[in-house]
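Chain by chain, the residues run as shown.
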Amino acid sequence: QKVKRKPNTIVHYESQGPNTGFTAVLEDVFEHADRHNLLSVTGGADGVISPQLLLPGPFVSQIGSNVRKLGSSCQLAQYPLDDLSRLLAVMDKHVLDCLTLQLDSVPDDCDGEPAQWRALAKDRLQRGLDAALVMLHVSASRDVSSNVYQEEHIERLVQMVGHHLTATIFPEFDMYYQLSGQKREGTVVSKMKRGRANMDRHRDIIPLYNKICEMLTCLSNFIEAHKLPDALIVLISSMAISTFFVENVSTLQLSALSVIRAIFSRYAQHQQVIFSDIFESLSRLPSSKQSLRSYRLNGEIRIQMVTALVLQLVESSVSKPLATAARLKENKGVTSMEEEYDGSAAVEERKLLITKAFDSSRQCAGTFLSSFLKKCHTKEENDFRPLFVNFVQDILVCLFSAEWPAAQIVIDLLLPLLTSALSKSSEVSTRVVALEHMGSIAARARKQSLELDIDEPIQTLIAEIRSKLAEEDCQQEEDTQDDWLLRRIFIEQLHHSSATDPACRVAKEYHLARWLCQAYDRQRALLTMPDGADNEDLTATSAGSLVVQNKELEDYCEFLYSLAASTADGKKSKKSRIELTTEQQDLIGQYLVNDTVHTFEYCLVKILVELADTTATVRTRAMKALSVVVNCDPALLAKEEVQNAVHAMLKDPSTLMREATVDLIGKFVLLKPELTLNYYRMLSDRISDAGVSVRKRVIKTMRDICVQQPDFKHVPDICLLMIRCLKEEDTTKALVRKVFEEMWFSPFTSSELATSIPSGAGDGVLLRVKNIVKAVAISSKDTHEWIEKLLVKMLCVDDEDEKSEKKSAASVTRPVCQMLVDCLVKHMLVLEEASTSDKSAKARQRLESDQLLPCIWTLCLFVRADPHLAVSHASSILPYLDMSWENPVSVQLSCHVSEMLQATLPLIEHPSESFLANMEERLAEMMFVAPQAPIVPAIGCLSVIVNKITHNYKFIYETFRKFYDFLHNNCKQPRVLCQANRRALALRSVLCVGAMCRYFDHEQVLNVKSEIGDITEKIFRLLMGLVQRLEGVIRVKSLAGLGHFFMGKPEMMVRPESEQLYTALLEPKANVELTTQVLRNLSMYLSEDEVHMAKQSEMRKAERKQKSAAQASSQENGDSEQTDKLVNWDSQSHVSSSIAQVYLKSITRCMLHNVKEVRAAALNVIALVFSHGLVHPYEFVPHLIAMNADVSEDIRAQAKQQLVEFDKKNPSFLSTVAFRGFQKAFDLRSTVSQDNPSLMRGLDQETHYALLSHLYTLVRGNRQQRRGFILSLLRSFQDVKTNGNLPLLLFTADNLAGFPYSLQDEPLFVIHHLTKISSLTASDAIHHFKEVMGVGKQQEDEDEWLDLEYLRGRREGRMDKLRKCYTTSKGAMLLLCLKEHLKELFGLTDSKCRQYAPSDKVKAPEKPSNPKPGIFFHPGTIVSLVTDAENVEAQLTKDDILLHF
């Protein structure tokens, strides 16, 4: 039911103006209230008042509109105070009507439809909110006395707002509040559901939401205008704080922010309570991405609403004391609202006010931070760490901003808290979080200091400001100082901005309070300095200076107080056309604060300290923090303390730490090329790191350096280091191969093809060529072979079965390689021109050695991979055959050029006769004049010309007869061949005869005339006779010639004479040079055989294609020819297998030779035998295992690689021969340690790893195979044959101590069996000792042997037998030492070792082992007994042995 309206309608009131209309409104309101006796109505049990007694909703809304207009124009004071109080009492009844109203709860006694009831309920709530707004607008008006309102009315109003926030607004905007209280506590609503809750809200709720926002804004004005009781303040603050933990209500939170800010600034006693309420509700902070950061700063930058609340509360705590101090400066009295600050207006009073307020703000912030950080450390249901991370991120966003000065204070307070959290007494998780925040703060400070280059921009800004002030003629006295001018402009700008942004007002006041406190601190520092009477060094001049400084500080403080008074609330400063942009404000703020360097240095020092912590997790987090800081400024890597820390971390025991350090260097050194040289040595040392991931990271970093800094002087060294990593496992090899593909053979960019050099090649192309040449120059033969294989793989040469992807890649790579070869040849011509123009012989030789030879060498590698690349350059490289051969460099050049011409000549289409004749002449001249090294390549090149092009066999026959006749005529007179005048011709003849037999057919080519007879047999007898009769170098060269002969006729190698000769020369006591030459002959044959078989395979593929396309008649002929070729191929393979089987035993014996060169040559032969699959691997794999313990690093690397390849092909075979290989390894170390007994150890003396660690890594993957191998090693201590072999036992113990155990089961298994075996061996040793001494034969004499005096009196016990007992007992002691070492290394207790049982079921995943760094196995007395046995045994007395037992 609606009240019957009077003729004065709402429209009439509006037409009468606000003053006249409001008077009429008051009359109607009072008439209605008197008529229904409204003021005496108390409502029912539920607070509901009869609708007939209340005013209509539109009428109440019109009252609010009139009150709002009158209040904004300060005209409410014109009305009697009693009328306004009576109006508030009437409005209070409307508030009471909806105090407990529930929009979603339809009462049971409702007669109508629920929808109709809800509509009426919303009208009631709308009317109640309008009435509440009327009350707040009247009460908050500054020109109305505080007696106009009653506290119970305001309290009821606040209760009504709080009730409808919880019951109506929050559930509508946040799904979390739709649950009941009990369900809400145990339910976790997902972020997505909370963020998207009620996106389609009821339209009727939005007006209610807007009115409540307006009410909160009015409530903040009301709090600032009146002093309220504590109970009401607590109620208001609780209601306002609750809004900050609801999703999707950012506008409401902004209004509530003004309420909390007003309370915090005026009621100091409630500050801690407010912070406590905020802190207790942090777990309910909005977590969805949409509502997480809803407070907008400049542009699109946002922070959390709760962060803005905390910062503004800290800043607002100084507002009231600053205003009071400013009025005291003007000698004005204080109002009753500041009665707690009444008193003297002296300077000390102002100091006390400001200092106390500022300290209070710091204390509030510090308490909040410490409580927040403490919550992050404790384990609770709610994880506060993400909340704290978001809070710190917001603080860093606000840091150094003009509108948020409290952010710097929060950071200053946070740093000591983080430092205390970094103490070793804190938990690891706490320290990790502290380091993360420390890194973020340091990065933000460094970034700010780099972005704001203060000096020049600030001077420009000052000049601009002064020019504008001069134009306006508004410059003040204090503006003569730049600092004062900037502060005044800065504060005035904030004051102008506070009209639209309340945050600027509290920021302005906080800036002033902070500056005042800083000035007071400087004054206090001046006053605490010793006076002149107590300090003789303090002169009168300096004392006068202190007085001047103190006076300047006093003037400065007065200036700040005047600035605070002129920009106080309600005052407007002089109008100025100077408007600062946000960037200019931040620039001035940064200039006035200028604390970024201190913050950054503080954090950096703490991070560097934590890098040396003993906990790996802390060190890793510290490295990540340092990476975050360096990401802002890579130039920090140039600081000495940072370099020292990084260098130390590269040697960290943790693999993850070393990898993170390398990653740090790799990221930022590329951004600062000048730092590459500083860190190159550190990186190069880590490429041989024990961790695979570290090595891979180093390789990637070095790749980036080579690609992005190709002119770096160490690029060739880097390439060589990476190539050496090819000896690692497969993943590392694949990475290295990919790196070189990208570095050397990736397509050229347009910038690389740009030319500025006379040769016509691009600068990038030439630079890449130079890097490849330098890498080839400093690398070894193995490296050259790998580069050749890489080229073959990338070019996909003559491979018909390759996948289309590889062929497409080859189509991209081939043009790149062609450009590289073209550029390389042009570069060679430039070098040749420079060499000929240089008249100095030494300089010319140096140029040829350092530059020309590596270029030829590199070109030769390209030609080996694909001769087509150099076909067009054959005429360019031909002149290099005309060398004078006066130095080794020219000899090597001739060899490489001959090899390249041999490969490219068959591909030249229609070569000219003059060109061929010129080549024949030069090659023939080399056979008679050149040194020995180029002779074989020259004959090979000549064979291509004669066999495939010219067919000039007569010339070949005549040349052959000259060398053959000379040898044949003098073969029976060895002394004649060894004469000085015939020695050179003898060496040349032996080599030429053998090489010509290799490259030309014996019967068809060399036996052109029949007078020689069976040429093959005669040459064989001739060379065999020379090898048997001659001595010295001629014999070695004769053996080399015989090797070339065997390559032409391999079946001659299995003849009894050949077998007898080679076997004798492969004996351990044979001449080392001859043994090495025999192994080279075998290796040369197997290598040539591999090439020949590859060509045969290609021919078979081609013939299969031809067969499918040929006619039926021609197919039969083709089949017969193909059958003949297959027979020849099978015969060739059978000969190779026979040769390998005949000489395998002698070759494997050479693998244990005491000379390194012999072992290396034997290993090369075995590698070829294995790759061809000529014999069963059981015969040579144990020797291959043994070479893993070789003293030569190159031999070890090659043996490991071969062992890995073997294990891939035969995964279960290696464990069956592992123990045999271990025994052979001991034999090898025994052989090579004859001159150096220290090599008998089974540990690497530098790394302290087992020599056979690689073998263990191959067998440890299978639990059964691993345990079988370990048990076979432990049985050596029980075997009667090996029990007294102390060097073997020490070698075994060393390996068991240094094996890379990856799982905790492995050392536990070893310790378990060590316990059993050590007890048995110790008992056997004691029993043997008793037998030697003749004691303990009877039961009563069982313990007599423990008496030393008794043993000394015994005559039994010969010294030789006692020494044997002593040596045997050392095996038991060695087992005990090994057991204790493993327990200490892996931190295993006695109880854990006792609880272990090998038969227990394995838990997946198995627990990894964690060996401690710096613990090494070194049984001193046993090592001395092995390495210096003679001296130890000579000094050993009977008493020593007795004491030992």
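Criteria and thresholds
- Residues numbered from 1 in each chain as written.
- Predicted model: local features only at pLDDT ≥ 70, side-chain atom pairs only at ≥ 80, totals over all residues.
- Heavy atoms only, no water.
- Helix = DSSP H or I, 4+ residues; strand = E, 2+ residues; numbered from the N terminus.
- Buried < 20%, exposed > 50% of the residue type's maximum accessible area, 1.4 Å probe, protein only.
- Contact = heavy atoms within 4.5 Å.
- Axes fitted to C-alpha atoms, helices over the stretch in contact; angles between N-to-C directions.
- Parallel < 35°, antiparallel > 145°, perpendicular 65-115°, else oblique.
- Nonpolar A, V, L, I, M, F, W, Y, C, P; charged D, E, K, R; others polar.
- Salt bridge = Lys/Arg side-chain N within 4 Å of Asp/Glu carboxyl O.
- 1 Å grid on protein atoms, 1.4 Å probe; cavity = no way out; pocket = protein on both sides within 12 Å on 5 of 7 lines; lining within 4 Å.
- Points joined across faces, edges and corners; volume = space filled by probe spheres on them.
- Left-handed = near helix turned anticlockwise from the far one by under 90°.
- Core = buried A, V, L, I, M, F, W, Y, C linked by side-chain atoms within 4.5 Å.
- Polar contact = N/O pair within 3.5 Å; in protein donor to acceptor, adjacent residues only side chain to side chain.
- pLDDT = per-residue confidence, 0-100.
- Phe/Tyr/Trp six-rings, centres within 6.5 Å; stacked < 30°, edge-to-face > 60°.
- Expected span 1.5 Å × (residues − 1).

Student: What's the story with the overall build of the protein chain in this structure? I'm lost.
Tutor: Along the backbone of the protein chain there are 65 helices and 2 strands. Out of the 1445 residues in the protein chain, the part that is buried amounts to 51%. Pairs at least 24 apart in sequence give 74% of the contacts found in the protein chain among residues at least 6 apart.

Student: Can you walk me through the packing of helix 40 (residues 913-929) against helix 42 (residues 953-970) in this structure?
Tutor: In a pair of packed helices, the angle between the axes and the distance between the axes together describe the arrangement. Their axes nearest at 12 Å, the elements helix 40 and helix 42 cross at an angle of 5°. Classed by the angle they form, the pair helix 40 and helix 42 counts as roughly parallel. Of helix 42, the residues touching helix 40 (which contributes Ala924, Met927 and Phe928) are Phe955, Thr959, Lys962 and Phe963. Taken together, the residues that form the contact of helix 40 with helix 42 break down as 5 nonpolar, 1 polar and 1 charged.

Student: Looking at this structure, how should I read the pattern of salt bridges?
Tutor: Pairs can form between side chains of opposite charge whenever their charged atoms are close. Overall, the coordinates contain 35 salt bridges when judged by the stated rule. Measuring nitrogen to oxygen at the nearest pair gives 3.8 Å for the salt bridge that ties Glu659 to Arg697. With a gap of 38 residues between them, Glu659 in helix 28 (residues 655-669) and Arg697 in helix 30 (residues 692-708) connect regions that are remote in the sequence. For Glu659, a relative accessible area of 18% puts it in the buried group. Residue Glu1017 pairs with Arg1055 through a salt bridge whose shortest N-O separation is 2.9 Å. In this pair, Glu1017 is assigned in helix 46 (residues 1015-1029) and Arg1055 in the loop between helix 47 (1032-1048) and helix 48 (1056-1065), connecting sequence segments 38 residues apart. A single network of salt bridges, built from pairs that share partners, joins Arg1263, Arg1266, Arg1267, Asp1305 and Glu1306.

Student: Sorry, what's going on with unusual backbone geometry here?
Tutor: Negative phi characterises most residues that are not glycine, and trans characterises most peptide bonds. Phi is positive for His910, close to 50°, though the residue is something other than glycine. As for its position among the elements, His910 is in the loop between helix 39 (888-904) and helix 40. Here His910 falls in the exposed class, since its relative accessible area comes to 78%. A positive phi angle, close to 65°, is found at His1248, a residue other than glycine.

Student: Would you mind going over empty space enclosed by the protein with me for this structure?
Tutor: Rolled over the atoms, a probe as big as a water molecule pinpoints where empty space is left. Counting across every chain of the model gives 7 cavities of 30 Å³ or more. Counting only elements with at least two residues in the lining of the second largest cavity, the list comes to helix 49 (1072-1109), helix 50 (1112-1150) and helix 51 (1156-1172). Broken down by element, the lining of the second largest cavity gets its largest block of residues, 4 residues, from helix 50. In terms of residue class, the lining of the second largest cavity is built from 8 nonpolar, 1 polar and no charged.

Student: Just checking my understanding: could you explain the packing of helix 31 (residues 715-724) against helix 32 (residues 730-745) for this structure?
Tutor: Close contact between helix 31 and helix 32 brings their axes to 9 Å; oriented N to C, the two are set at 150°. Compared by their axis directions, helix 31 and helix 32 come out roughly antiparallel. Read as a crossing pair, helix 31 and helix 32 show a hand that is left-handed. Between helix 31, through Cys719, Met722 and Ile723, and helix 32, the contact on the second element is made entirely by Val736, Val739, Phe740, Met743 and Trp744. By residue class, the composition of the contact of helix 31 with helix 32 is 8 nonpolar, no polar and no charged.

Student: In this structure, what is going on with the nonpolar core? I would like to understand it.
Tutor: Buried together is how nonpolar side chains tend to be arranged in soluble globular proteins. With 425 residues, the main nonpolar core has Ile63, Met91, Leu252, Met722, Phe740, Leu901 and Leu1042 as its most contacted residues. With 12 residues, the top contributor of residues to this core is helix 5 (residues 114-140). The contacts of Leu252, once residues within four sequence positions are left out, are Leu165, Ile169, Phe170, Tyr209, Ile212, Cys213, Leu216 and Thr243.

Student: I tried to follow the side chain of Arg768 on my own but got confused; where do I start?
Tutor: In this structure, Arg768 sits in helix 34 (residues 763-778). For Arg768, a relative accessible area of 8% corresponds to the buried category. Separated by 2.7 Å, the side chain of Arg768 and the backbone oxygen of Ser746 make a polar contact.

Student: Help me understand the confidence of the model for the protein chain in this model?
Tutor: Low pLDDT means the predicted coordinates in that region are not meant to be read closely. Looking at the protein chain as a whole, the pLDDT averages 77, with 78% of positions reaching at least 70. Note that pLDDT drops below 50 for residues 1-18; the model gives that stretch 25 contacts with residues more than four away or on any other chain. The low-confidence segment residues 532-538 (pLDDT under 50) makes 5 contacts with residues lying over four places distant or belonging to another chain.

Student: Can you walk me through helix 29 (residues 676-686) in this structure?
Tutor: Owing to its 3.6 residues per turn, the α-helix aligns residues three or four sequence positions apart on the same side. Restricting attention to buried positions, one finds in helix 29 the residues Thr676, Tyr679, Tyr680, Met682, Leu683, Ser684 and Arg686. Packing partners of the buried residues in helix 29 comprise helix 27 (640-649), helix 28, helix 30 and helix 31.

Student: What exactly am I supposed to notice about the packing of aromatic side chains here?
Tutor: Pairs of aromatic rings are described using the distance from one ring centre to the other and the angle between the two planes. Counting across every chain of the model gives 26 aromatic pairs. Here Phe368 and Phe391 contribute two aromatic rings whose centre-to-centre distance is 5.7 Å and whose plane-to-plane angle is 65°, an arrangement assigned as edge-to-face. Linking Phe368 in helix 16 (residues 347-377) with Phe391 in helix 17 (residues 385-398), this pair joins segments that are 23 residues apart in sequence. Considering the side-chain rings of Tyr1256 and Phe1299, the 4.6 Å spacing of their centres and the 10° angle between planes classify their relative orientation as stacked. Taken together, the positions of Tyr1256 in helix 55 (residues 1253-1259) and Phe1299 in the loop between helix 58 (1286-1298) and helix 59 (1305-1333) put the pair 43 residues apart, joining distant regions of the chain.

Student: Looking at this model, I keep getting lost on helix 21 (residues 482-497). Mind explaining?
Tutor: Here helix 21 is 16 residues long and its end C-alpha atoms lie 22 Å apart, about the 22 Å a rise of 1.5 Å per residue gives. Among the 16 residues of helix 21, 13 are classified as buried, and the element is accordingly described as predominantly covered.

Student: Any chance you could explain the environment of Glu1088 here in plain terms?
Tutor: Relative to the assigned elements, Glu1088 resides in helix 49. For Glu1088, a relative accessible area of 38% gives the class partly exposed. A sequence separation of 41 residues divides Glu1088 from Met1047, and the C-alpha atoms of the two residues are 7.9 Å apart. Excluding its chain neighbours within four sequence positions, the residues that come into contact with Glu1088 are Arg998 and Met1047.

Student: Looking at this structure, I do not really get the environment of Lys227. What am I missing?
Tutor: Secondary-structure assignment places Lys227 in the loop between helix 9 (205-225) and helix 10 (230-241). In the structure, Lys227 is positioned 39 residues away from Arg266 in sequence and 8.6 Å away in space, judged by C-alpha atoms.

Student: Please explain the side chain of Ser1253 as it appears in this structure.
Tutor: Locating Ser1253 in the fold gives a position in helix 55. We classify Ser1253 as buried; its relative accessible area is 12%. Excluding residues within four positions of it along the chain, Ser1253 makes contact with Gly1298, Phe1299 and Pro1300.

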